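# Chains, contacts and geometry: an overview
Now for the letters of each chain:
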Amino acid sequence: MSYFSDIYKGIKTLLTGMSVTGKYFLTSRKGAITQQYPDNRDTLKMFERFRGEVVMPHDENNEHQCTGCQKCELACPNGSIEIIWDRGIDEATGKKKKFIDRHIYHLGLCTMCGLCIEACPTDAIVWAQNYENSTYDRTQLTKVLNRPGSKVKAGIED
Amino acid sequence: MNISLNITETIQEWLMSMMPEGVASIAAMVTVALIYLIIFAVAGLYLVLLERRVAAWFQLRIGPNRVGPLGLLQTMADALKLVSKELTGTIKADKFLYNLAPYFVIVSSLMALAVFPFTKEFQAFDINIGIFFLIAISSIGVIGILLGGWSSNNKFALIGAMRSGVQTISYELSVGLSLLTMIVITGSLQLSEIVEVQKQGWLILQGHVPAIIAFMVYMIAGTAETNRAPFDMVEAESELGAGFHTEYSGMKFAYFFLAEFINMFIIAAIATTVFFGAWLSPFGITESLPWLGVFWFLGKTLILVFLMMWFRWTFPRLRVDQLLTLEWKYLLPINLINILIMAIIVWLNLTIKF
Ligand code: SF4
Ligand code: SF4
């Protein structure tokens, strides 16, 4: 007898599914959940978890939080991050210390996996919320994240 | 309004006034064929647009709305793009069959269009074995798919084509039998006569319970015949790339694509003709204006097309074994019993007539 109950159940579940999508169809005119890209550039508020590109925030003294530990470089599965570092004398303690010369980020290679940001012990890099990343020349996709003349914030390594 | 709707005769008479009879009838055929070709190429493009908009609404998106007002020219632009694209091919393909396949598919689907009674007398070819012709023609398209898959020399294409063969051959049975169930009432295969019978009530009302079952079976099997989701294992993107048309590009791909949508229209149009009274208006409200029949016919057809789109955007894809179980263990036995019930109902005069 399970033959007939199968048929009954089959039809019932199919109709349930159709009523769900049917409701979506009827309410879709009230508000699509997608955005119309070029129209709403001015009013659009991006979402916190949106992954635009990796950036390194600097404060007003042109100081960032990157210690040059290279953990992000190691964490990146496809080598999108390259850190060129150097050693210098720490002014406060007079000891030798590692610092970054350039934190190079290849946006063109990045898959937006976020592993570098997870790996960073000092939260020096974060996600930006911009989305217009297209350029006419791919060399523009290779970016240096630390600004020229910037230095690491004091006390961040402690 | 007194528009002459009998297009073949009108055109033929007009041509006869200019040239000898034999030439005139050939010229008339060509003219009618061209008219149909243009109308349905454009109609096919708009069905694609409709599908995309409807899909968007089901998924709470907006859909194509950039090219032209409300995106109405989107598919035209797509077609133009496809025409201008390079026709690539594989070196190891069987060139002759490879090039032939898309034409098989598109020609067989266009041929089927000739017999539909869009309104009283607006019918290119009122053949006396109408339904039989439709069933036969609609199974020829699968040869094109098989040829395309085989000659591409590509394993995905071949698997897709073989699946299509399995699917169409099995579901062909259900399509045929469910239509035969309705033929039991009408007693004629000729489409104009089927419409005539429906002046006493659409067949889905005349045949009540078995007719509704036949309609459900027909819609399921018809969707499977057009290789659309949830029966689209032929071109299951996640496993087969694009299935049988993986190796096709440009206009040849467009033929396959267009044929799918014209086939969908055909399946809906057969259902309209056989179950929902073709061009007859509900309760005969526009009986005095036969040209309004086109409106009713297309209206009913589009509702059924919408139903098929609704299926597509609701149901998940079936597995091959599930597909065959559905056909051979469920649809076919139900269909056979249904045809018996229908025969008994007709024999005992239990049909509802108005
Ligand atoms: S987001 Fe992923 S891919 Fe991109 S730079 Fe970070 S680790 Fe590399
Ligand atoms: S960005 Fe973070 S993880 Fe990468 S080198 Fe700087 S401190 Fe280390």
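Residues numbered from 1 in each chain as written. Chains lettered and ligands numbered in written order. Predicted model: local features only at pLDDT ≥ 70, side-chain atom pairs only at ≥ 80, totals over all residues. Heavy atoms only, no water.

## Details of the site of ligand 1
Of all residues adjacent to ligand 1, which total 14 residues, the nearest are Cys76, Cys110, Cys113, Gly114 and Cys116 of chain A. Each residue belonging to the shell around ligand 1 can be placed in one class, and the counts come to 10 nonpolar, four polar and no charged. (Near = heavy atom within 4 Å. Nonpolar A, V, L, I, M, F, W, Y, C, P; charged D, E, K, R; others polar.)

## Observations regarding the layout of surface pockets
The calculated volume of the largest pocket comes to roughly 1100 Å³. Along its surface, the largest pocket is lined by 28 residues, and Gly10, Ile11 and Leu14 of chain A together with Ile220 and Leu326 of chain B are the ones closest to its centre. Elements supplying a minimum of two residues to the lining of the largest pocket: helix H1 (2–27) of chain A together with helix H9 (208–225), helix H12 (293–312) and helix H13 (320–347) of chain B. A class-by-class count of the residues in the lining of the largest pocket yields 22 nonpolar, four polar and two charged. (1 Å grid on protein atoms, 1.4 Å probe; cavity = no way out; pocket = protein on both sides within 12 Å on 5 of 7 lines; lining within 4 Å. Points joined across faces, edges and corners; volume = space filled by probe spheres on them. Helix = DSSP H or I, 4+ residues; strand = E, 2+ residues; numbered from the N terminus.)

## As for the sheet that holds strand S3 (residues 81–89) of chain A
Residue and element names in this part refer to chain A. Spatially, three strands are ordered S3-S4-S6 in an open sheet, and the strand pairing comes out antiparallel. Among the strands making up the open sheet, the edge pair consists of S3 and strand S6 (142–144). Averaged over all adjacent pairs, the angle separating strand axes in this sheet is 25°, with direction ignored. With nine bridges joining them, S3 and strand S4 (residues 96–106) adopt antiparallel strand pairing. Note on S4: the bridge partner recorded for isoleucine 83 is histidine 103. (Pairing = 2+ DSSP bridges. Axes fitted to C-alpha atoms, helices over the stretch in contact; angles between N-to-C directions.)

## Let's talk about unusual backbone geometry
Residue and element names in this part refer to chain B. Of note in the backbone geometry, histidine 208 takes a positive phi value of approximately 30° without being a glycine. According to the relative accessible area criterion, histidine 208 is partly exposed, its value standing at 22%. Even without a glycine there, the phi angle at asparagine 227 is positive, about 60°. Examined against the element boundaries, asparagine 227 turns out to sit in the loop between H9 and helix H10 (237–240). Classification of asparagine 227 by relative accessible area gives buried; the value is 5%. (Buried < 20%, exposed > 50% of the residue type's maximum accessible area, 1.4 Å probe, protein only.)

## What about the pairing of S4 of chain A?
All names here are of chain A. Connecting S3 to the next strand, S4, in antiparallel fashion are six residues, including glycine 94 with a positive phi near 80°. Across three bridges, the pairing between S4 and S6 is antiparallel. By the bridge assignment for S6, histidine 106 is matched with threonine 142.

## Thoughts on the interface of chain A and chain B
Taken together, the contact between chain A and chain B spans 20 residues of the former and 21 residues of the latter. Counting the surface lost from both chain A and chain B, the interface buries some 1800 Å², and carbon and sulfur atoms represent 72% of this. Three residues, Tyr3, Met18 and Phe25 of chain A, lead the burial of chain A against chain B; their summed loss comes to 32% of the area buried on that side. On the surface where chain A and chain B come into contact, there are zero salt bridges. Summed over the shared surface of chain A and chain B, the result is four residue pairs in polar contact (both at pLDDT 80 or more). Here the side of chain A that touches chain B is built from residues that sort into 10 nonpolar, seven polar and three charged. (Contact = heavy atoms within 4.5 Å. Buried area = accessible area lost by both parts, 1.4 Å probe. Salt bridge = Lys/Arg side-chain N within 4 Å of Asp/Glu carboxyl O. Polar contact = N/O pair within 3.5 Å; in protein donor to acceptor, adjacent residues only side chain to side chain.)

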